Amino acid sequence: MRKRYVLFLLFSLIFTSQAFSQTGVKGTIKTTKGEPLPFAAIVVKGTEISTISNEEGKYQLDLKPGYHEVIFQYLGFKTGMKAFTIENKMETFDLTMEEQALNLGEVRIGSKDEDPAYTIMRRAIAKSRYHLLQVDSYVAKAYSKSSVVITDLPMEFLYKKQLKEVEQETNFKKGVPILNESVTEVTFRQPNFYKQKVIAARNSQDKDFANPNAYLLTSFYQPEVVKAVSPLSPRAFAYYKFEYQGAFRENGIEVNKIKVTPRSYGEGVYRGTIHIIEGEWSIYSLDLQTVNTGFTIDIKQVYSPVQGVWMPINQQFHVAGGIYGLKGKGDFVISQSFSSIKINPTFAPDIVVVDGKREKEEAKKVKLSSREIKTQKLEEVVSKQKEFSAKNLRKLMKEYEKQDLKAKEEKGEDIDLNFTRNDSTVVDTMASKRTMAFWDSIRTVPLTTAEVKSYTRLDSIIVVQENKPQNEGRQASKSDTTKKNGKSGGGFFGFFGDVFTGHSFGFGKKSPWRLDYVSPIYGAQVNTVEGIVLNGGGLKLHYGGGGKKENGETRKRQDLSINALTRYSFARQKLLGTGGIDYGWKRNKLNLIGGSTVSQFNSENPMHPLLNSFTTLFLEQNFVKVYEKDFIRLDFKTDRENEHFEFKANIEYADRRALRNVRDTEPYSLIDWDRRVYTSNIPLNAELTDESGAVSYEMQPHNAFTLGLAGSYKPWQKYKIKSGKTTFYEDDSPELSVNYRKGINKAFGSNVDYDFVQIGIQHGFETGVRSKLRYKLAAGKFLNDRNVRFPDFQHFAGNQFFFQFGDPVSTFRMLDYYKYSTSQEFFEAHVLSEFRKFLLTQITWFRIMGIKENFFLHYLATPASDNYTELGYGLDVGIRFPFRIEVVNSFEGYKYKQTAFRIGTTMNINIGRN
């Protein structure tokens, strides 16, 4: 038995050494000056085998014994080729690459004629969609490596001690690369299907964590890449100048080098060089740079012929920059070898593109009429004709995509009009358990010295953690278990903390039920009517179940929530309560709520209670105006995810009562402003004041039985069809809306009697790279206004605070919250235009930092508003400071009134209900 064990062990060692014994070629690639060439492409001629060099110029190419011809490529350098006869060992070959000499031929630089680069680019742009759709499908083996290095931390001296503890317990350290490697088998199918099978994944932060890199293969045949206009976009000539820098011949093909210069550098455009193959008009290689929110992004790609089609075998992303004092750099490289490529037979590789601007007579000879383009299939046209004008080819490709989309719809195939990537990932169970010997055999890019140190450091940290005393491990395990079970684990203080912060109680791991205790502290606020308020405290019982798997995603078929919440006013010494039931099924939602509460007159809550608390306490300004109601309300809503149409309905019965400020408001003003006093809780309204401007109305107690119906429709909304199911995207396509509200008189003692109708449209569209125009128009009228109480007036999104919440398009910047609320008719218009380049952004620094300029217009017409208008200018400073700094002028009767400064959000923040 012992002898058998020894023989088995020897056999295993021999087998392992043979399995991971490496044969091939390795070495270092340098320039004639001795500088390493990072990320050079190395391809085995006539095969799909390829790799790239690392940052130190080192490479390793695993080859089976035999004869191989290896090609070495690097942007701007002569392609090298070396033949090897590989035996049972790893050969060493160091290469010195020479810079590529360019031949200008008969081109005269500086002549008055158009630069030859433009005719080359017109042809390449015309054929870009052709190249994008040429490959129907492929299978590729991809090695990818991401490396992130933090080079500087903000105010490091404040947490130096804690940082050292983190470095001892984890593999994070300033200046040390954070690595992630993965080897995947990628299956692609037009137009956007990617499936990854992860063979191996390795992370320098966690040895057992298989987190594969995303398959970030970008195509510059697309109009936009990384939110910047591609030099091969149909819009390219509006954003770029091109310069011919010469050509060179290699392996029987002629390659043109084109310098790409943006007309104004900054976010949304590239600069650098692109190499275009003569006649083929496809990409040979590119080296382009852009910026995004102050970060510099370098993208390099090298292409190689595979089955007669030039495919990207090597891509690099290099990102560097900083934000809020945090600085670093990141590299992402992908090296891939293609197999099982299927070419679309429609896209013959031998078509000729004629430049209609330079070769006018030839373009006329091959011109196709609009009828010929629309009535014939692309394969029919290509079979009859091999020469096309650049203009005709672009039209043909558009028509082909329309016909292809229609054919897919008729067949019931999957469709995505937003062209969102459809990714799926399968991870091999052994992906995170691969040995070092396995990685050495499969890794196509050698690790740098710093990267080797990062993995070595991780191994040493693991050893230290494994040798910790067992009692420490038990204590940690106990703590983790306590947290998982949802127990505070802190005795009296833990329970006391939960009272103030809230807590969730489960009913078992598999139970769909959950009970939440909601702390009233989170809804705490201050106003001049109620004083200090604790709002929203109570209990919520949730049920979520009946899940059904659709298209690989589990969707809840039903969701139930029962809640009982409170609101306590210290000044009024009054406790109010509400109870409700929320029920969702499929894509519908039903909500029943009732009780007593305090509500803003404008149910859209134009002023957030938290902001009002701040202005009340520190600025002696009380913007929120409220009333009390006992009510019961039913709401219904459909989800637009699977329809162009969205529908909402509500019905409410309420007993409404006016409220006044507390007698003594002094305790709520922490700072006494000489020229300010708190205003009345009775809103000032132009339609409800006498000739002297004094308030002539205070809401009397009344009952209101109201009905509301609202619908919106997006006829041109983008969608996708997957497995016969249609799903719509949220986009800025035109949205038409209609809204109807009715006050039902005498029903259950109701005192309101009105009929209100409103129509509207909103739309947003791009006016250029990183430039957009959005508008929103609405008009409405009370067809019947026999008895309209103030909560039922048409209110508008006003703002009197220096900080502006809400939709940046449709929110006024200086409008009084209730002054022009109307019970008659109105028209409002909002326009917001974003410019990448206008005044300050003429300066390159502003564009590099991602700053945009905005102009906006807000207009309101009611019987009393006197054509209220706002005109403003703003600077949108993006992610570094996610706010818009604005200066606004207001006008009434087309006469200037005042100027104000505002800080607004760059996004639509939904502040919700009280």
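Quantities reported herein were computed from a predicted structural model and do not represent experimental measurements. (Residues numbered from 1 in each chain as written. Predicted model: local features only at pLDDT ≥ 70, side-chain atom pairs only at ≥ 80, totals over all residues. Heavy atoms only, no water.)

**With respect to the overall build of the chain**
Check the secondary structure of the chain and you find 15 helices and 47 strands. Here the chain holds 914 residues, and the buried ones make up 45% of them. Contacts in the chain between residues at least 24 apart in sequence constitute 62% of all its contacts with a sequence separation of at least 6. Accessible surface computed for the chain: about 47400 Å², of which carbon and sulfur atoms make up 56%. (Helix = DSSP H or I, 4+ residues; strand = E, 2+ residues; numbered from the N terminus. Buried < 20%, exposed > 50% of the residue type's maximum accessible area, 1.4 Å probe, protein only. Contact = heavy atoms within 4.5 Å. Areas by Shrake-Rupley, 256 points an atom, 1.4 Å probe, with all protein chains shown as cover.)

**Concerning helix α2 (residues 116-126)**
Along α2, eleven of the eleven residues are buried, which leaves the element largely enclosed by surrounding structure. Among the residues of α2, P116, A117, Y118, T119, I120, M121, R122, R123, A124, I125 and A126 are the ones counted as buried. By the N-cap criterion, in which a side-chain oxygen at the helix start approaches the backbone nitrogen of a residue two or three places on, α2 is capped by D115, the distance to A117 being 2.8 Å. (Polar contact = N/O pair within 3.5 Å; in protein donor to acceptor, adjacent residues only side chain to side chain.)

**Focus: the nonpolar core**
Judged by nonpolar contacts, the single largest core of 78 residues is most densely connected at Y138, Y240 and F242. If you tally residues by element for this core, the top one is α2, at seven residues. Discounting residues that sit within four places of it in the chain, Y240 has contacts with V229, S230, P231, V260, T261, P262, R263, V269 and Y270. Ranked by size, the runner-up nonpolar core spans 40 residues in total, among them V624, F796, Y818 and L860. (Core = buried A, V, L, I, M, F, W, Y, C linked by side-chain atoms within 4.5 Å.)

**Some remarks on the pairing of strand β9 (residues 135-152)**
The pairing of β9 with strand β20 (residues 326-343) spans 15 bridges and is antiparallel. The partner of I150 across the bridge, within β20, is G328. The sheet contact formed by β9 and strand β10 (residues 178-189) spans twelve bridges and is antiparallel. Each residue of the ladder has a partner; that of Y143, found in β10, is V183. (Pairing = 2+ DSSP bridges.)

**Concerning the packing of aromatic side chains**
The description of two aromatic rings rests on the distance between their centres and on the angle between their planes. Scanning the model with the defined rule gives 45 aromatic pairs in all. The interplanar angle of 55° and the centroid separation of 5.8 Å between the aromatic rings of F790 and Y818 together place this pair among those described as tilted. Here F790 is found in the loop between β41 (771-787) and β42 (803-804), whereas its partner Y818 is found in the loop between β42 and β43 (825-835), with 28 residues between them in sequence. Overall, the relative accessible area of 2% leaves F790 in the buried class. The buried category is assigned to Y818, whose relative accessible area is 3%. Geometrically, the ring pair formed by W845 and F846 is edge-to-face, given 5.2 Å between the ring centres and 85° between the ring planes. W845 sits in the exposed class, given a relative accessible area of 52%. Judged by relative accessible area, F846 falls into the buried class, the value being 17%. Three or more aromatic residues link up through ring pairs in this structure, and these residues are F601, Y627, F790, F793 and Y818. Note that K629 overlies the ring of F631, its terminal NZ or CZ placed 4.8 Å from the centroid. Directly above the ring of F856 sits R813, whose terminal nitrogen or CZ lies 4.6 Å from the centroid. (Phe/Tyr/Trp six-rings, centres within 6.5 Å; stacked < 30°, edge-to-face > 60°. Lys NZ or Arg CZ within 6 Å of the ring centre and 35° of its normal.)

**Regarding the sheet that holds strand β5 (residues 66-73)**
With respect to topology, four strands assemble into an open sheet ordered β3-β2-β5-β6, the strand pairing being antiparallel. Of all strands in the sheet, those with a lone pairing partner are β3 (50-52) and β6 (80-86), marking the two edges. Averaged over neighbouring strand pairs, the angle between their axes works out to 25° when direction is ignored. (Axes fitted to C-alpha atoms, helices over the stretch in contact; angles between N-to-C directions.)

**Re a negative patch on the surface**
On the surface, a cluster of negative charge is contributed by D664, E666, D672 and D674. Among the secondary structure elements, D664 is positioned in the loop between β35 (645-658) and β36 (702-713). (Patch = residues over 30% accessible without salt bridge, like charges linked within 9 Å, V, L, I, M, F, W, Y side chains within 5 Å. Salt bridge = Lys/Arg side-chain N within 4 Å of Asp/Glu carboxyl O. Lys, Arg positive; Asp, Glu negative; His and termini not counted. Charge placed at Lys NZ, Arg CZ, Asp CG, Glu CD.)

**Topic: the side chain of E620**
Locating E620 in the fold gives a position in the loop between α14 (609-619) and β34 (626-638). Buried charge without a partner: E620 forms no salt bridge, and the closest opposite charge is R676, 7.0 Å away. In this structure the side chain of E620 is engaged in a polar contact, spanning 2.8 Å, whose partner is the backbone nitrogen of W673.

**Brief notes about the pattern of salt bridges**
Going through the model one piece at a time under the given rule, you end up with 30 salt bridges. The salt bridge involving R774 is made with E834; its shortest N-O contact spans 3.0 Å. One end of the pair, R774, is in strand β41; the other, E834, is in strand β43, with 60 residues separating them in the sequence. What emerges from the salt-bridge pattern is a single network uniting R572, K574, E628, D630, D655 and R657.

**Describing the confidence of the model for the chain**
On average, the chain scores 82 in pLDDT, and the residues at 70 or more come to 82%. Note that residues 909-914 has pLDDT below 50 and, in this model, 18 contacts with residues that lie over four places away or in other chains. (pLDDT = per-residue confidence, 0-100.)

**Some details on a positive patch on the surface**
Judged by side-chain charge, K360, K364, K367, K374, K391, R394, K395, K398 and K402 come together as a positively charged surface patch. Looking at the positive patch, the elements that each hand over two or more residues are α6 (360-365) and α9 (390-411). No other element matches the five residues that α9 contributes to the positive patch. Its place among the elements puts K360 in helix α6. Using a relative accessible area of 55% as the deciding quantity, one classes K360 as exposed.

**Concerning the pairing of strand β31 (residues 558-569)**
Note: β31 against strand β32 (residues 574-585), twelve bridges, orientation antiparallel. Within the sheet, the bridge partner assigned to D559 lies in β32 and is G584. From the end of β31 to the start of β32, which pair antiparallel, there are four residues, and Q573 there has a positive phi angle of about 50°.

**Concerning the environment of K625**
As for its position among the elements, K625 is in the loop between α14 and β34. For the pair K625 and T679, spaced 54 residues apart in the sequence, the C-alpha separation amounts to 9.6 Å. Among residues more than four places away in sequence, those in contact with K625 are S599, Q600, F601, T679, S680, N681, P683 and Y818.

**Details of the environment of S230**
The topology assignment puts S230 in the loop between β13 (228-229) and α5 (236-239). A residue is classified by how much of its surface remains accessible, and S230, at 0% relative accessible area, is buried. Linking S230 and Y240, residues ten residues apart in sequence, is a C-alpha distance of 9.7 Å. Beyond its immediate stretch of four places on either side in the chain, S230 contacts F220, Q222, P223, E224, V225, A236 and Y240.

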